[in-house]
Amino acid sequence: MCGFSTCISLAGSHFNGHGNGGVCHGDANGTSQGLAADLKASIDLINHRGPDDSGIWISDDEQVGLAHCRLSINDLSSAGRQPLHSDDNRIHAVVNGEIYDYDRLRAECETVHNYVFQSDSDSELVLALYKIHGAPDFLTHLRGEFAFVVYDDREGAQRIIVARDRFGIKPLVYTRLGSKLLAASEAKAFLPLGWKPRWDVRAIADAGWMFDDRTLFRGVKKVLPGHYLDITKQGGVQQVKYWDAEYEDKRKVDSRSIDEMVAGVRERLVESIRLRLRADVPVGIYLSGGIDSSAIAGIVTELARKDGVKIGNEQATRVTCFSVAFAESSGFNESEIAERTAEWLGVKTIKKIITEDTMAADFEDAVFHCEHHHADLNFVAKFGLSTLPREHGVKVVLTGEGADEHFAGYPYFHEEFLREADGAQPESQLSQNDELRSDMSRSVHQEMNGMWNRAGADGSDRQRPAPASTAGVGAAAMSHHLLAWHPAAILFAPWLRTRFGEADLRETVLRSYPSDVQVKMHSRWHPLHTAMYMWNKNALSNLLLSCLGDRTEMAHSVEARTPFLDHHLAEYVNRLPPSVKLRYSADTPTDEGALGPIWTKSNTALLSLNEKWILRQAVRPYITDELYQRRKNPFLAPARWREKGPLHRKFKQILTQEAVEALGFVGWETVNNDMTIAWGETAEPKAFRRLVYCAAWVTLSRRLGVAKAEDSDWEIVL
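Residues numbered from 1 in each chain as written. Predicted model: local features only at pLDDT ≥ 70, side-chain atom pairs only at ≥ 80, totals over all residues. Heavy atoms only, no water.

### A word on the overall build of the protein chain
Part 1 of the reasoning: Helix and strand counts for the protein chain stand at 30 helices and 19 strands.
Part 2 of the reasoning: Its C-alpha atoms give the protein chain a radius of gyration of 25 Å, within 12% of the compact-globule value 27 Å for 718 residues.
Part 3 of the reasoning: Expressed as lengths along the three principal axes of its C-alpha atoms, the size of the protein chain is roughly 70 × 60 × 50 Å.
Part 4 of the reasoning: In the protein chain, the share of contacts with a sequence separation of at least 24, taken over all contacts with a separation of at least 6, comes to 75%.
Part 5 of the reasoning: Here the protein chain displays about 25,500 Å² of accessible surface, and carbon together with sulfur accounts for 47% of that area.
Part 6 of the reasoning: Treating the 83 positive side-chain charges of the protein chain as one cloud and the 98 negative ones as another, the clouds have centres 1 Å apart. (Helix = DSSP H or I, 4+ residues; strand = E, 2+ residues; numbered from the N terminus. Rg over C-alpha atoms; globule rule 2.2 N^0.38 Å. Contact = heavy atoms within 4.5 Å. Areas by Shrake-Rupley, 256 points an atom, 1.4 Å probe, with all protein chains shown as cover. Lys, Arg positive; Asp, Glu negative; His and termini not counted. Charge placed at Lys NZ, Arg CZ, Asp CG, Glu CD.)

### Side note on the pattern of salt bridges
Close approach of charged atoms lets side chains of opposite charge pair.
Part 1 of the reasoning: Counted according to the given criterion, the structure contains 62 salt bridges.
Part 2 of the reasoning: Residue E334 is joined to R630 by a salt bridge in which the shortest nitrogen-to-oxygen separation is 3.2 Å. With E334 in the loop between β14 (320-325) and α9 (335-345) and R630 in the loop between α26 (625-629) and α27 (646-654), the pair connects residues that are 296 residues apart, well separated along the chain.
Part 3 of the reasoning: For E334, a relative accessible area of 17% puts it in the buried group. (Salt bridge = Lys/Arg side-chain N within 4 Å of Asp/Glu carboxyl O. Buried < 20%, exposed > 50% of the residue type's maximum accessible area, 1.4 Å probe, protein only.)

### Topic: the sheet that holds strand β15 (residues 348-353)
Part 1 of the reasoning: With parallel pairing, five strands are arranged side by side in an open sheet as β15-β14-β13-β16-β17. Each edge of the open sheet carries a strand with a single partner, namely β15 and β17 (559-561). Ignoring which end each strand starts from, the neighbouring axes of this sheet average 30 degrees apart.
Part 2 of the reasoning: Strand direction decides the pairing type here: β14 and β15, joined by six bridges, are parallel. Across the sheet, residue S323 finds its bridge partner in β15, namely K351.
Part 3 of the reasoning: Strands β13 (283-286), β14 and β16 (396-398) of the sheet are contacted by helix α8 (residues 291-306), whose axis makes an angle of about 150 degrees with β13. (Pairing = 2+ DSSP bridges. Axes fitted to C-alpha atoms, helices over the stretch in contact; angles between N-to-C directions.)

### So, the packing of aromatic side chains
Part 1 of the reasoning: The final tally for this structure, using the stated rule, is 32 aromatic pairs.
Part 2 of the reasoning: On the numbers, 5.1 Å between centres and 45 degrees between planes, the contact of W525 with Y533 is tilted.
Part 3 of the reasoning: With a centroid separation of 6.2 Å and an interplanar angle of 10 degrees, the aromatic rings of F651 and F688 are classed as stacked. With a gap of 37 residues between them, F651 in helix α27 and F688 in helix α30 (residues 685-704) connect regions that are remote in the sequence. (Phe/Tyr/Trp six-rings, centres within 6.5 Å; stacked < 30°, edge-to-face > 60°.)

### Here we look at the sheet that holds strand β1 (residues 2-9)
Part 1 of the reasoning: Across the sheet, six strands lie side by side as β2-β3-β1-β9-β8-β10; this open sheet has antiparallel pairing. Because the sheet does not close on itself, it has two edges, and the strands there are β2 (53-58) and β10 (221-222).
Part 2 of the reasoning: On the sheet, helix α2 (residues 32-44) packs against β1, β2 and β3 (64-70) and is oriented at approximately 150 degrees with respect to β2.

### A word on helix α10 (residues 356-370)
Part 1 of the reasoning: Under the 1.5 Å per step criterion, the end-to-end length of α10 is 20 Å for 15 residues, consistent within 8% with the ideal 21 Å.
Part 2 of the reasoning: Roughly 45 degrees is the biggest bend found in α10, and it falls at D362.
Part 3 of the reasoning: Burial analysis of α10 places 11 of its 15 residues in the buried class, the great majority of the element.
Part 4 of the reasoning: In the segment just after α10, E371 is the residue with positive phi, at about 65 degrees. (Expected span 1.5 Å × (residues − 1). Bend = angle between axes of the 7 residues up to and from the residue.)

### A word on the side chain of K650
Part 1 of the reasoning: Checked against the element boundaries, K650 lands in helix α27.
Part 2 of the reasoning: Once residues lying within four places of it in the same chain are set aside, the contact partners of K650 are A360 and E364.

### With respect to helix α20 (residues 515-523)
Part 1 of the reasoning: Regarding α20, the residues found buried are V517, Q518 and M521. Take α20 and look down its axis: the buried residues cluster within an arc of 100 degrees, on one side only.
Part 2 of the reasoning: The elements touched by buried residues of α20 are β12 (236-241), α17 (473-482), α19 (505-511) and α21 (527-554). (Arc of directions from axis to C-beta.)

### Digging into the environment of A316
Part 1 of the reasoning: Following the sequence through the fold, A316 ends up in the loop between α8 and β14.
Part 2 of the reasoning: Put simply, A316 and P634 are 318 residues apart on the chain and 31 Å apart in space, counted from C-alpha to C-alpha.
Part 3 of the reasoning: Beyond its immediate sequence surroundings of up to four residues, A316 is in contact with A304 and I311.

### As for the packing of α17 against α21
Part 1 of the reasoning: The geometry of α17 relative to α21 is characterised by a closest axis approach of 10 Å and an angle of 40 degrees between their N-to-C directions. On the basis of the axis angle, α17 is oblique to α21. Once α17 is placed against α21, the crossing between them reads as right-handed. Of the residues in α21, those in contact with A475, M478, S479 and L482 of α17 are T530, A531, M534, W535, N538 and A539.
Part 2 of the reasoning: Along the lines of polarity and charge, the residues of the contact of α17 with α21 split into seven nonpolar, three polar and no charged. (Parallel < 35°, antiparallel > 145°, perpendicular 65-115°, else oblique. Left-handed = near helix turned anticlockwise from the far one by under 90°. Nonpolar A, V, L, I, M, F, W, Y, C, P; charged D, E, K, R; others polar.)

Laid out in C-alpha cells, this is it:
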C-alpha cells in the first residue's frame, strides 16, 4: 500500500532520560527544516511504493520524524493522507499495508469505545486500536499485512512501537546511526539520512540474512515477522514477539471427520478472499498454472456472480487476471494452463511474455528493488509481470503465496512427513505400516537429492553428521533443504573462506529458533509441522515474500494481497493432521509430460504423496479437473540460456574483474571460470546460479554505493 521512513532520536528525553540529547536530523543547523528535507529525500527514493501522495510530520522537540508515501487504496481522499494522528492528536503513525475486517472493527471502536475517526482509511484502525487496547494487546485485533510505526506522546505513556505483520508480508528494516534509530520499508531509504552501506559478510557467508534478523548490510536488521520493537525511556529498544505459529500435539488423535475438516478450510478461505476484495480501486488476480491462484480466481468469480460481492470498487462478474509466459521450449511455461482456467471461469486474462531480452533488461532494476540476491531469475520474471496491472488500471492483485507453506506443497516436506507415524490419524495406511513408511523415506531422500542436483542447488553436505540441537534430527535434516540455494564456499574470496573455516551452516538455521520452539520441534510437533514452521519462518518471509512478493510488486506500485496468509485460516490449518496435508496413494502419474519441469517418472516415492490434499478437496468446486490432478510445480525460471545471448552479454557487462574484486568478498577466479561453463546447451546450472548471486551483489554495490568488504566486516555487530 505504501512506504515510510522514520527517524527516532534515542538520545532525547523521551527515551533515555538524558534531557538535552541530540535531535533527529542530518544537518548541522539544528532545524526541523533540515530533518524534513532529509525525510523528503528518503521517501523520494522509495516513492515507487506510494506515488499518489506523501507527507512528513516532526515532533515539536524534533525527537521523532515520520515520513510516508502513499499508494491510495482505501479512502482516496486527502483525509487518508499520512502520517496519521489520533482523535486527541497525541498518537501519531505511519502505516504500510492493509487491515481487513475494517467495517466491524471500526464500528466497535466507534460504538463501544467512542473513538472519533478522521478518515475512512483502514490504516487509521492502527491508531484507534492502539489507543483503546495499548501494546501489545492491540496487535491481536489486527488482521492483514502491515508494517507501521506508532509514536505515543501522551504524558506518562511515551513509547514507540515499530511492528510487522505475522508472516512478514510487508518489509520493515531498521538501523542505528549514532543516537538515531532509523526504520523504513526499504534500506535504500536510509541513504539520505546518513547511512553509509557496508556488507555484512558474516550474514552473507553463514546465510544469516535468510535465517535471522540480519540483512546483507552491516548493522541493518529486520523486524522479525510477528514481532515489534518496543522503544521506551525505561527499556530502551527491545524486540518483542506478539504472535507465533502453533501446531497440535503429535500424540493427540483427531476425531474430526474429513468432511468437517474440508468444510473448515473452505469456509475460512472464502472468508479470507471476501475480506481482501474490499478496496476503492479495481482488484485483479495473478493467475498461474497452479491450484492456489486458480482457486482464488474461482472463489472470486463465485462471490461476484452468486453473492454480488464487489471486486474492489467494481460491481463486476469478471475479474481481470494477469499471467506470465516463458518460451514454450523452456519447459517452464504455465500460461496455457492459466488460459484454460480463465476460459473455464469466463474471466479476462492478460499475459506478460517474458523473453531473454526482457530478463536482461530488467535484471538490475529488479535486484535494486529486492535488496538481496537470489539463486533463480524467477524474481526478474515477477518484476516483469508486475508491470501489467498498473498498465491496465489495476492497483491491487490477489496472489497465491502461502498455500504451499500451510498445506505442505513443497516436495522437501515429504521426507519429514515420513519420519514418524501420524499420531493424529493412527488408522492411516502409513501410520499402520512402519516398514512401508521407512522404505518410502529412504526413497524420498534419494529422489530429493537428485531433484536438487538437476536444479543446480549447491546446498550443504548431507553426509556430514548433524550438529547437536535441542530441536532434534528432523530439524537438522530440514536445514539442508533450507540451505539448498545458499552459495557454495568456492564463490567466496580466500580470506573469507579462511575466516569461515569448516563452520556448519545448519547451526545458523537452528540458532534462529528460540529454545522453547526447539523443545516443541523435538517433542510436541510432528516432524512435518517442524519442517513447515522452519520454512515459514525463514524462506517464506526472507525470500519468497520479498523478491517474489512485495519488493517486485511494489516496484511498480502494485499492492498484492495474500488470502492464504490470513492468520485465522493458518491457525486452523496448522491444527489439522499431517496426513490430510500429504496423502499417500499407491497410484502415481504415468504421463511424464504432465508432470512439469521438476518431476520425472522415477520420482515414484515423492509422487505417491499427494501434496495439499485437504486444500484440493476444499477448492474442488472452483477449479478444473486438470488443476485438481496436477502436481505442484514451483514458479521457477529457466537456468539454461544461450551463449552470447542477451543474458550472457548482460552478465559479462556486470561481472568484470574490477567490479567483482571491488566487492571484497568474492573470488574472481571462480566467477571467471563460471562464465565459461554457465551458458549454452551443456551449461552447468550450479555455475549459472553462482553468477546470478554475484551479479546481484555487484548491482547492489553500484546502485547503493556499498563499500568494499574488509576483514573487519566479518566481526559481529552488536
